[in-house]
Amino acid sequence: MDTGIATFPTHDSIQPGPLARLVEERGHAALFFAEHTHIPASRESPWAGGAPLPRKYSHTYDLIVAMAASVAATSRLRVGSGICLVIQRDPIVTAKAVASLDCLSGGRIDFGVGAGWNREEMANHGTDPRRRMAVLRERVEAMKAIWTHDEASYAGEHVAFERIWCWPKPVQTPHPPVLVGGNGPTVLDRVLGFGDGWVPNHAREAVLERIPELQARAAEAGRHIPVDIIGAPADPQVLERYEAAGVRRCIHWVPSAASGAVEAAMERFEAAVAELHGE
């Protein structure tokens, strides 16, 4: 089982490039960045973590810019979106940006996608929150068409274009892995419908109980779906259970802070991993 690090890349914390170098040097397989384009001041949508909403949510760098800085600073590290709020992004522009990242990185991009939780944020981008799952699916499908066809077309209810040329194409074949985020009741349908992997938030028993269902349904379709846990704790017993369940990668959140605090958090996680392996 591999390990990874995740963070909200803020302008007043360790910068994406230096963080990526640190993550790579410490032997982790991947670095994931969260995304919020903005946070509406109304704060009507409840946040799962309670109140108040942490400051980092409204102070993040642009996701694609943070990922670009990270791939430029490293040579082996996989860099991912955890998650990209596709329902708030133009699919043609996003397809080009992700393909460009994949080319510039030599094929090191993991494209985590999701619909998010902040309904006012979605609405400010012109997305009806009630239709967000349908929008998510169509935009991902449209991006896949752009990545895999020299002359791409897509006809959906929410996305439509005919015969477009859009380069570069991704290095990875057929495209960067699309990792579907979320823990909701219908998330496995989305993973199997348009995903290449599942990246749920750490929720212990709830996630562990659903992995067998996912793999059974995937096997019926002749597939195997990798599972990456985001928010895995620095707890060897929890990590052991995830490893036994066949989880590919456990990703640990580190704070949006200066390098000292980030390194301390990474050391605690690494100590738990070492204990898991009897080191």
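Here we summarise the structure given alongside this text. (Residues numbered from 1 in each chain as written. Predicted model: local features only at pLDDT ≥ 70, side-chain atom pairs only at ≥ 80, totals over all residues. Heavy atoms only, no water.)

For the rest of this paragraph, the subject is the sheet that holds strand E3 (residues 78-85). The pairing of strands in a sheet happens through backbone hydrogen bonds and is either parallel or antiparallel. One open sheet accounts for eight strands, arranged E8-E7-E4-E3-E2-E1-E10-E9; its pairing is parallel. Each having just a single partner strand, strand E8 (197-199) and strand E9 (228-230) make up the two edges of the open sheet. Averaged over all pairs of adjacent strands, the angle between strand axes in this sheet comes to 25°, irrespective of strand direction. Judged from the five bridges that link them, strand E1 (residues 2-7) and strand E10 (residues 249-253) form a sheet pairing that is parallel. (Pairing = 2+ DSSP bridges. Helix = DSSP H or I, 4+ residues; strand = E, 2+ residues; numbered from the N terminus. Axes fitted to C-alpha atoms, helices over the stretch in contact; angles between N-to-C directions.)

The next point concerns the pairing of strand E4 (residues 109-114). Regular strands place side chains that alternate from one sheet face to the opposite one. Burial analysis of E4 places six of its six residues in the buried class, the great majority of the element. Of the two faces of E4, the one carrying Ile109, Phe111 and Val113 and the one carrying Asp110, Gly112 and Gly114 are both buried. By the bridge criterion, five bridges tie E3 to E4 in an arrangement that is parallel. Note on E4: the bridge partner recorded for Gly80 is Asp110. (Buried < 20%, exposed > 50% of the residue type's maximum accessible area, 1.4 Å probe, protein only.)

For the rest of this paragraph, the subject is helix H5 (residues 132-148). If you check H5, its first and last C-alpha atoms are 24 Å apart, about what 17 residues at 1.5 Å a residue would give, namely 24 Å. In terms of burial, H5 is largely enclosed, as 12 of its 17 residues are buried. Of all the positions in H5, only Arg132, Val135, Leu136, Glu138, Arg139, Val140, Ala142, Met143, Lys144, Ala145, Ile146 and Trp147 are classed as buried. (Expected span 1.5 Å × (residues − 1).)

Quick look at the pairing of E3 now. When you tally the buried positions in E3, you get seven out of eight residues, the bulk of the element. When strand E2 (residues 30-33) meets E3, the two strands line up parallel, connected through four bridges. Looking at E3, one finds that Phe33 is bridged to Ser81. Traced from E2 through helix H2 (residues 63-72) to E3, the parallel crossover comes out right-handed. (Right-handed = clockwise from strand over helix to strand, strands pointing away.)

Under the 1.5 Å per step criterion, the end-to-end length of helix H3 (residues 91-105) is 21 Å for 15 residues, consistent within 8% with the ideal 21 Å. Where H3 is concerned, the buried positions are Pro91, Thr94, Ala95, Ala97, Val98, Ala99, Leu101, Asp102 and Ser105. If you follow the buried residues of H3, they end up packed against H2, E4 and H5. Sitting at the head of H3, Asp90 places a side-chain oxygen 3.0 Å from the backbone nitrogen of Ile92. Once H3 ends, the next one or two residues include Gly106, with phi positive near 75°. (Contact = heavy atoms within 4.5 Å. Polar contact = N/O pair within 3.5 Å; in protein donor to acceptor, adjacent residues only side chain to side chain.)

In this section: the side chain of His252. Tracing the backbone through its elements, the reader meets His252 in strand E10. Residue class for His252 comes out buried when judged on its relative accessible area of 12%.

Evaluated as defined, the whole model comprises zero disulfides. There is no disulfide at Cys103, and the cysteine sulfur nearest it, in Cys166, is 11 Å away. (Disulfide = S-S within 2.5 Å.)

Moving on, we get to the pattern of salt bridges. One pass over the structure, following the stated rule, counts 17 salt bridges. Here Arg89 ties to Asp62 by a salt bridge, and the two come within 3.3 Å at their closest N and O atoms. Here Arg89 is found in the loop between E3 and H3, whereas its partner Asp62 is found in the loop between E2 and H2, with 27 residues between them in sequence. The buried category is assigned to Arg89, whose relative accessible area is 16%. We note a salt bridge from Arg131 to Glu157, for which the minimum N-O separation is 3.2 Å. Here Glu157 lies in the loop between strand E5 (152-155) and strand E6 (160-164) and Arg131 lies in the loop between helix H4 (119-124) and H5, a separation of 26 residues in the sequence. Look at Glu157 and you get exposed, because its relative accessible area is 59%. Ionic contacts of the salt-bridge type, sharing partners, join the residues Arg78, Asp110, Asp228, Arg248 and Arg249 into one network. (Salt bridge = Lys/Arg side-chain N within 4 Å of Asp/Glu carboxyl O.)

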